[in-house]
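Coordinate analysis (summary)
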Amino acid sequence: MDKKTYYRSIPKVDLLMEYDEIRSLEKKCGREYILESVRKVTEELREFINNSECQEDINKKIKNLVPDIVGEVKSYTEYNLKKVVNGTGTILHTNLGRALISDEAADRIKQLVTGYSNLEYNLKDGIRGSRYSHFEKIITKITGAEAAMAVNNNAAAVLLILSALCKGKEVIVSRGELVEIGGSFRVPEVMEQSGCILKEVGTTNKTHLYDYDNAINENTAALLKVHTSNYKIVGFSESVSVDELTELGLKHNLPVIEDIGSGVLVDLSKYGLTYEPTVQASVNSGADIVCFSGDKLLGGPQAGIIVGKKELIEKIKKHPLTRALRIDKFTSCALESVFLDYMDEEKAVSSIPVLKLINRNKDELLNTANLLHDRLIKTLRNKCEVLIEDCQSQIGGGSLPLERIESISLSFKPFNITTSSLENKLRHLETPIVGRVVNDRFIIDLRTVLQGEEEIISEAFKCIFEEER
Ligand SMILES: *Cc1c(COP(=O)(O)O)cnc(C)c1O
């Protein structure tokens, strides 16, 4: 067919605006935005006709004109950030929002942010207060530190600490601890940004106390220890403990700063995991400043929490960067909530979602698996194999990289579509389900499937496989 005939088959903009499907969009968005989309999509269609030689493709594109316009408008009238079901088994999944906060904390946030609060108001004296005051006392109680504050995330905490305490001076770090976390946080680069001078000592696998000792000079500002959260050096390796470092720091009157990454407040070895250095242990060893993430193993909101000696924390609080990196009321509220839970370890383990998910046992997961399996088996008959299998969950978020927790999964192998097509369909649902593809099977690890989400999963498979008929 002649291209002109194709162009003529495209309805005029005025006419398109009268289509029911398009008029009904006016409930959600101003007419001018719809008009813009109609023009944009029809213009794209013209270009497509101009560039394509395939009649079939062109006809298909013309037929899709109205749905394409509706899709374009919906791309800015509907929520893009939405709930997903995490079937990966990775508890701290950085791409899926890292730590979950409890219902209780979420309810508190709702109450506080839909009205006014004493965020920076000292109710006792009727004067300006501090946004850190709501949780400072609790954190110091739990960790044994003298003072505390929080900023946007742990990367910001490291940047701020070094800027406030070490600018223009040398900071000594072991070569084994110059880590990269999550692709964008690199210890050497953060140090450079803060304006301090990186003085690296030792080797990748071994650093001794005398390496630090030999590097100390009149321009040294601090000794820095960084937890190598996301990798482990095994075999012929040695590092200097915080205890030894603080002893050396004391001798030379230098502060010891420790970035412990994940803010563990309970001894995880009690719950079957590998021991991770706790904040309390670090403070107890005499570290002058300790910082950690709020949304890793701590199980709170995204934040970088800084605890330590009062004099140093005061100095950090006064630094101009603190204002730029400050936490908002959502975070202050969620931090207060999570730290309150930690005042009682039993309460912490039973109410903080991250710890609850770590502690889920296989029997509980097997129950869920059986329940879902029974629900799905009829829908999937002759269309998709579904098995209950053992699997292993990860902590994620760059914490405990070698740790695997025994878990239970549902494993799917569709007959008439490919596994990757199933994965793709599940990802495009109203509530997307994200899992893993292993050996050409789609795996849902039930450890990270939350209460009530079984229903979403069974509906999703119904929707996908019943339309297949
Ligand atoms: C995760 C981590 C960071 C970065 O923390 P964010 O809260 O993600 O900014 C910094 N240092 C260490 C050692 C970490 O493990």
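Residues numbered from 1 in each chain as written. Predicted model: local features only at pLDDT ≥ 70, side-chain atom pairs only at ≥ 80, totals over all residues. Heavy atoms only, no water.

If you check an unreviewed UniProt entry, the chain appears there as L-seryl-tRNA(Sec) selenium transferase from Sedimentibacter hydroxybenzoicus DSM 7310. Its UniProt record gives the chain the following Pathway (unreviewed entry) comment, quoted word for word: "Aminoacyl-tRNA biosynthesis; selenocysteinyl-tRNA(Sec) biosynthesis; selenocysteinyl-tRNA(Sec) from L-seryl-tRNA(Sec) (bacterial route): step 1/1." Turning to the chain, the UniProt record has this under Function (unreviewed entry): "Converts seryl-tRNA(Sec) to selenocysteinyl-tRNA(Sec) required for selenoprotein biosynthesis." (UniProt positions renumbered as here; feature names shortened; annotations may be inferred.)

A look at the packing of aromatic side chains
Remark: the centre distance and the inter-plane angle together describe each pair of aromatic rings, the angle taken between the planes. What the rule picks out here adds up to five aromatic pairs. When the ring of Phe412 is compared with that of Phe442, the centres are 6.5 Å apart and the planes differ by 45°; the resulting orientation is tilted. Remark: Phe442 occurs in strand E17 (residues 441-445) and Phe412 occurs in strand E14 (residues 405-414); sequence separation between them is 30 residues. Of the two residues examined, Phe412 and Phe442, each falls in the buried class. Ring geometry for Phe412 versus Phe461: centroids 4.2 Å apart, planes at 15°, classification stacked. With Phe412 in strand E14 and Phe461 in helix H21 (residues 453-466), this pair connects stretches of sequence that are 49 residues apart. Just as Phe412 is buried, Phe461 falls in that class too. Taken together, the ring pairs in this structure connect Phe412, Phe442, Phe461 and Phe465 into an aromatic cluster. Above the face of the Phe48 ring, Lys61 is positioned so that its terminal group lies 5.3 Å from the ring centre. (Phe/Tyr/Trp six-rings, centres within 6.5 Å; stacked < 30°, edge-to-face > 60°. Helix = DSSP H or I, 4+ residues; strand = E, 2+ residues; numbered from the N terminus. Buried < 20%, exposed > 50% of the residue type's maximum accessible area, 1.4 Å probe, protein only. Lys NZ or Arg CZ within 6 Å of the ring centre and 35° of its normal.)

Quick word on the UniProt feature "domain: L-seryl-tRNA selenium transferase N-terminal" (unreviewed entry) in the chain
Mapped onto this numbering, the UniProt entry gives "domain: L-seryl-tRNA selenium transferase N-terminal" (unreviewed entry) at residues 7-46. Within residues 7-46, the helical portion is 68% and the strand portion 0%, while the C-alpha atoms at the span's ends are 7 Å from each other.

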